[in-house]
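Commentary on secondary and tertiary structure
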Amino acid sequence: MFENLQNKLDKAFKTLKGQGRITEINVAATIKEVRRALTDADVNYKVAKDVTDRVKQKALDRKVLIAVEPGQLFVKIVQEELTDLMGSEAKPINLKGDPAIILIAGLQGSGKTTFSGKLAAYIKKQGKNVLLVAADIYRPAAIDQLKVLGEQVGVEVFAEPDNKNAVSIVTNALAHAKRTNKKVVIVDTAGRLAVDEVMMQEIEDVKKALNPSETLFVVDSMTGQDAVNTAKTFNDRLDFDGVVLTKLDGDSRGGAALSIRAVVNKPIKFMSTGEKMDALDIFYPDRMASRILG
Ligand code: GDP
């Protein structure tokens, strides 16, 4: 994961970790290299600048120049700042309500349906009775896909293939969930283009009708800066509660993981690392920062 970024940061730290006297010039050059490594990894420019400015300040405050091991201290400072950037602590999802309702939103192909299946399996493992809801009125194949996943993880899937009104589908699904004593309802919505006004309005209406305890925005980490821009657009409309980063098993550069929290001010809650139903992890900012720094 993020090998390129890892290698570049490692290279950046070399001078400070090497022998000899450390000078202000060495530190400044290292900070510049760290910034370049971050922007090369598709981290938003302003975010990269803010982070490295903070690193610079901390390096001054903690007197890196006269430290016994300046390289180690410097890496520690970078690690703290990257952790902070991604939100410091893991943020659990809110399962309040009876049933608790989780709304899943995102672009088509981002990995929403796959994630919905994984999340259902994850919550089911906690001993809760889950209902998956297929609320995609545009792509019949999406309903079938969710049904296959539901079967795989042993969770009931609610669908009304002939109903072309998403609000009506989710309202009926909720009534069904109450009748059948489900504790958590996961609603997989249609993949929409952020520029498609009709579809954006539809998901806003679905959110209003459901009043979910948790709205999660799913985004493909391979799309870098686009992921961040899409997150911004969806957040403006939906005011979601958390982000799910998918396809971290691919060769994504790290920009989405590092920038999203700072740009939209919403925590990353889960990360998805494969197509299989168990390839889901809670997102821990400190572990991710350690991983990036190797
Ligand atoms: P949706 O259109 O947003 O519902 O996206 P899907 O769930 O159908 O996923 C789109 C494609 O990405 C499918 O081929 C999935 O198997 C694949 N996919 C989803 N999540 C991941 C992931 O974390 N890693 C990888 N490698 N593939 C994924």
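Computed from a prediction, not measured in an experiment: that's the story for all the values here.

In this section: the overall build of the chain. A count of helices and strands for the chain gives 11 helices and eight strands. Counting only C-alpha atoms, the chain reaches 70 × 40 × 30 Å along its principal axes. Within the chain, the proportion of its 294 residues that are buried is 52%. When contacts within the chain are restricted to residue pairs at least 6 apart in sequence, long-range pairs at least 24 apart make up 75% of them. Accessible area for the chain stands at about 13800 Å²; split by element, carbon and sulfur atoms hold 49% of it. Averaging the positions of the 43 positive and the 39 negative side-chain charges in the chain gives two centres separated by 4 Å.

Our focus in this paragraph is the environment of M1. Relative to the helices and strands, M1 resides in the segment before helix 1 (3-17). Along the sequence, M1 and I186 sit 185 residues apart, while their C-alpha atoms lie 29 Å from each other. For M1, the residues in contact, after removing those within four places along its chain, are Q6, L248, M271, T273, M288 and R291.

Within the open sheet, the eight strands sit side by side as 3-2-4-1-5-6-7-8. Their pairing is mixed. Edge strands, defined here as strands with exactly one partner in the open sheet, are strand 3 (156-158) and strand 8 (280-282). Within this sheet the neighbouring strands show an average axis-to-axis angle of 25°, counted without direction. Of the strands in this sheet, strand 1 (100-106), strand 4 (184-189) and strand 5 (214-220) touch helix 8 (residues 197-210), which is tilted by about 175° from strand 1.

Under the 1.5 Å per step criterion, the end-to-end length of helix 5 (residues 112-125) is 20 Å for 14 residues, consistent within 8% with the ideal 20 Å. Along helix 5, 10 of the 14 residues are buried, which leaves the element largely enclosed by surrounding structure. For helix 5, the full list of buried residues reads K112, T113, F115, S116, G117, K118, L119, A120, A121 and I123. G127, located one to two residues past helix 5, shows a positive phi value of around 85°.

Neighbouring the ligand are 15 residues, the closest being G109, T113, T114, S272 and E275. Between D249 and the ligand, the recorded distance is 2.8 Å, taken from a side-chain N or O atom to a nitrogen atom. In isolation the ligand exposes 580 Å². Once the protein is present, 79% of that is buried. Ranked by residue count, the leading element in the shell around the ligand is helix 5, at three residues. Of the residues contributing to the shell around the ligand, the split by class is one nonpolar, 10 polar and four charged.

Next up on the list: the packing of aromatic side chains. All chains considered together, the criterion is met by five aromatic pairs. Centre to centre, the rings of Y122 and F270 are 5.6 Å apart; their planes meet at 85°, and the pair counts as edge-to-face. Note that Y122 is positioned in helix 5 and F270 in strand 7 (residues 268-272), a separation of 148 residues in sequence. Judged by relative accessible area, which is 28%, Y122 ranks as partly exposed.

Next up on the list: the UniProt feature "domain: SRP54-type proteins GTP-binding" (unreviewed entry) in the chain. As recorded in UniProt, the sites labelled "domain: SRP54-type proteins GTP-binding" (unreviewed entry) are residues 267-280. Secondary structure across residues 267-280 divides into 0% helix and 43% strand, with the first and last C-alpha atoms of the span separated by 16 Å.

With that out of the way, let us pick up the nonpolar core. Core analysis: the biggest nonpolar cluster contains 72 residues, and F74 and L82 have the highest contact counts within it. It is helix 4 (residues 70-85) that provides the largest number of residues to this core, a total of seven residues.

Where helix 1 contacts helix 2 (residues 24-40), the axes come no closer than 9 Å and their chain directions differ by 180°. It follows from the interaxial angle that helix 1 and helix 2 lie roughly antiparallel. Taking contact as the criterion, the partners of L5, K8, L9, K11, A12, F13, T15 and L16 in helix 1 are, on helix 2, N26, V27, T30, E33, V34, A37, L38 and D40. The class makeup of the residues in the contact of helix 1 with helix 2 is nine nonpolar, three polar and four charged.

All right, on to the pairing of strand 2 (residues 130-135) then. With six of six residues buried, strand 2 lies mostly within the body of the structure. Of the strand pairs in this sheet, strand 2 and strand 4 are connected by six bridges, and their pairing is parallel. Directly across from V133, in strand 4, lies its bridge partner V187. When strand 2 meets strand 3, the two strands line up parallel, connected through three bridges. Across the sheet, V133 pairs through a bridge with F158, a residue of strand 3. Taken together, strand 2, helix 6 (residues 140-153) and strand 3 constitute a β-α-β crossover, and its handedness is right-handed.

Conventions adopted
Residues numbered from 1 in each chain as written. Predicted model: local features only at pLDDT ≥ 70, side-chain atom pairs only at ≥ 80, totals over all residues. Heavy atoms only, no water. Helix = DSSP H or I, 4+ residues; strand = E, 2+ residues; numbered from the N terminus. Buried < 20%, exposed > 50% of the residue type's maximum accessible area, 1.4 Å probe, protein only. Contact = heavy atoms within 4.5 Å. Areas by Shrake-Rupley, 256 points an atom, 1.4 Å probe, with all protein chains shown as cover. Lys, Arg positive; Asp, Glu negative; His and termini not counted. Charge placed at Lys NZ, Arg CZ, Asp CG, Glu CD. Pairing = 2+ DSSP bridges. Axes fitted to C-alpha atoms, helices over the stretch in contact; angles between N-to-C directions. Expected span 1.5 Å × (residues − 1). Near = heavy atom within 4 Å. Polar contact = N/O pair within 3.5 Å; in protein donor to acceptor, adjacent residues only side chain to side chain. Nonpolar A, V, L, I, M, F, W, Y, C, P; charged D, E, K, R; others polar. Phe/Tyr/Trp six-rings, centres within 6.5 Å; stacked < 30°, edge-to-face > 60°. UniProt positions renumbered as here; feature names shortened; annotations may be inferred. Core = buried A, V, L, I, M, F, W, Y, C linked by side-chain atoms within 4.5 Å. Parallel < 35°, antiparallel > 145°, perpendicular 65-115°, else oblique. Right-handed = clockwise from strand over helix to strand, strands pointing away.

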